[in-house]
Amino acid sequence: MSGKAKEILQMDLYGLLGIENTATSKEIKKAYRQKALTCHPDKNPDNPKAAELFHQLSQALEVLTDAAAKAAYDKICAAKKQAEERNRKLDDKRKKIKLDLEARERQAESQIQEEVQITRTLEQEIARLREEGSRQLEEEQRLIREQIQREREAQQQTGGFAHRYSGGERCSKNNVTPKLKLKWKCKKDDETNGGYSQEMLFKLLGKYGEVLNVMVSSKKKGSAVVEFANLRAAELAVKNESGLSGNPLKISWLEGQPEVVTMASQSGQFLSSQGSLSNERDYESIVMMRMRQAAERQKLIEQMQREDEEEAAGP
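Residues numbered from 1 in each chain as written. Predicted model: local features only at pLDDT ≥ 70, side-chain atom pairs only at ≥ 80, totals over all residues. Heavy atoms only, no water.

### Section: the overall build of the chain
Each helix and strand in the chain was counted, giving 13 helices and six strands. Total accessible area on the chain stands at roughly 20,100 Å², and carbon and sulfur atoms take up 50% of it. (Helix = DSSP H or I, 4+ residues; strand = E, 2+ residues; numbered from the N terminus. Areas by Shrake-Rupley, 256 points an atom, 1.4 Å probe, with all protein chains shown as cover.)

As structure tokens, then:
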């Protein structure tokens, strides 16, 4: 048995993640993220125990999210549990008789051979996972790192309107970054703003792609505007995000909504874009594009401020 398999068999993978052995792949990943966030090396640089626990959690995710490896692990655990249950029910005299019978009839040998075969299957699955590069584990860890970075940036932001920008300018079609308008139910005297905060919205929408900006109105309760770095992320948010189950979000397009075009027009746009590629790289064009983006953001902020003032003035 390899050292890797021995190490895994000595651990309670389900206990590490705090889940049952009937948990689905989605539940396993969710439990991993919650546990890994608390002991990630980036959050605990001076705590070697945290790094060790993070490594164990990663091993648990690696095995339990792969069907074949999980089946081999579960089979060994079930065999051990059955053996422990049998031994608990036997008194000292019956245990001695059982051991003598197994020695004479070589029943133990067949059981050992079966366990060796099961363990070999687990070793093969672990080796296969290692050869494949554990892509799923790497992706989960990447998401954890991104969420930690978003939390750090969110803690540094203050004021009625919170702004966050990435290092480079990325635009959607026609140099307009896609923007969505969010609404939810919220009473005027609700200090929790219906359960939604700027940090909460970053977490909800950040899983679809990079969020450049979140503007939560401090006067008009239950509304916000979100600016995405690219059109694909905005489309996924509109299509899939529903928000909190007790207070769902209503998401609508504010700017940058994609247009439906025919195949012929798409082909023409592609051909024309080839001819204008060198012009788009011109320094002056880039400067103008960034100026337009800055003007769009300022216009959006002024619009929300006017709405807040009108709401505060009342009828």
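Right, picking up where we left off after that structure.
### Considerations on the packing of aromatic side chains
Under the criterion given, the structure shown has two aromatic pairs. Taken together, a centroid distance of 6.2 Å and an interplanar angle of 45° make the contact between Y14 and Y73 tilted. Of this pair, Y14 sits in helix α2 (residues 13–17) while Y73 sits in helix α5 (residues 67–89), and the two are 59 residues apart along the sequence. Here Y14 matches Y73 in class, with each residue buried. Seen from their ring centres, W184 and Y196 are 4.9 Å apart, and the 45° between their planes marks the pair as tilted. With a gap of twelve residues between them, W184 in the loop between β1 (179–183) and α9 (198–206) and Y196 in the loop between β1 and α9 connect regions that are remote in the sequence. (Phe/Tyr/Trp six-rings, centres within 6.5 Å; stacked < 30°, edge-to-face > 60°. Buried < 20%, exposed > 50% of the residue type's maximum accessible area, 1.4 Å probe, protein only.)

### Focus: the nonpolar core
Soluble globular proteins tend to pack their nonpolar side chains together in the buried interior. With 32 residues, the main nonpolar core has L13, L17, Y32 and Y73 as its most contacted residues. Looking at this core, the elements with two or more residues in it are α1 (3–9), α2, α3 (25–39), α4 (48–64), α5, α7 (107–131) and α8 (135–155). The leading source of residues in this core is α4, at seven residues. L17 has contacts with I28, A31, Y32, K35, L57, A60 and L64, leaving out every residue within four places of it along the chain. (Core = buried A, V, L, I, M, F, W, Y, C linked by side-chain atoms within 4.5 Å. Contact = heavy atoms within 4.5 Å.)

### Considerations on the environment of I301
Tracing the sequence through the fold places I301 in helix α13 (residues 283–313). By relative accessible area, I301 is classed as buried at 12%. Each C-alpha atom of the pair I301 and M215 lies 8.1 Å from the other, and the pair is 86 residues apart in sequence.

### Brief notes about the sheet that holds strand β6 (residues 250–255)
If you walk across this open sheet you meet the four strands as β2-β3-β1-β6, and the pairing is antiparallel. Strands with a single pairing partner mark the edges of an open sheet, and in this sheet they are β2 (211–216) and β6. Mean inter-strand twist for the sheet, computed between neighbouring axes without regard to direction, equals 25°. As judged from the five bridges shared by β2 and strand β3 (residues 223–228), these two strands associate in the antiparallel manner. Across the sheet, the residue bridging to M215 is V225, located in β3. Strand contacts of α9: β1, β2 and β3, with the helix running at about 145° to β2, the strand carrying the most contacts. Each of β1, β3 and β6 is contacted by helix α10 (residues 231–240), which is oriented at about 150° to β6, the strand it contacts most. (Pairing = 2+ DSSP bridges. Axes fitted to C-alpha atoms, helices over the stretch in contact; angles between N-to-C directions.)

### Focus: the pattern of salt bridges
If you walk through the whole model with that rule in mind, you get 16 salt bridges. Taking the shortest distance from any N to any O, the salt bridge between K98 and E102 comes out at 2.9 Å. Of this pair, K98 and E102 both sit in helix α6 (residues 92–105), separated by four residues, roughly a single helical turn. The closest approach of N and O atoms between E151 and K203, which form a salt bridge, is 3.9 Å. With E151 in helix α8 and K203 in helix α9, the pair connects residues that are 52 residues apart, well separated along the chain. Overall, the relative accessible area of 37% leaves K203 in the partly exposed class. Linked by salt bridges that have partners in common, K43, E151, E199 and K203 make up one network. (Salt bridge = Lys/Arg side-chain N within 4 Å of Asp/Glu carboxyl O.)

### Examining the packing of α8 against α9
Between α8 and α9, the least distance of the axes is 10 Å, while the angle of their chain directions is 155°. Classified by the angle their axes make, α8 and α9 are roughly antiparallel. In this structure, α8 meets α9 at a crossing whose hand is right-handed. Contacts between α8 and α9 pair R150, E151 and A154 from the former with E199, F202, K203 and G206 from the latter. Within the contact of α8 with α9, the residues separate by chemical class into two nonpolar, one polar and four charged. (Parallel < 35°, antiparallel > 145°, perpendicular 65-115°, else oblique. Left-handed = near helix turned anticlockwise from the far one by under 90°. Nonpolar A, V, L, I, M, F, W, Y, C, P; charged D, E, K, R; others polar.)

### Details of the confidence of the model for the chain
Chain-level pLDDT for the chain is 80 on average; 81% of the residues reach the 70-or-more range. Segment residues 158–173 is flagged for pLDDT under 50; beyond a separation of four residues in sequence, or across chains, it makes 48 contacts in the model. (pLDDT = per-residue confidence, 0-100.)

### Looking at the packing of α3 against α4
At a minimum axis separation of 9 Å, α3 and α4 run at an interaxial angle of 170°. Relative to α4, α3 is oriented roughly antiparallel. Counted together, I28, K29, Y32, K35, A36 and C39 of α3 and A50, A51, L53, F54, L57, S58, L61 and L64 of α4 form the full contact between these two elements. In terms of residue class, the contact of α3 with α4 is built from eleven nonpolar, one polar and two charged.

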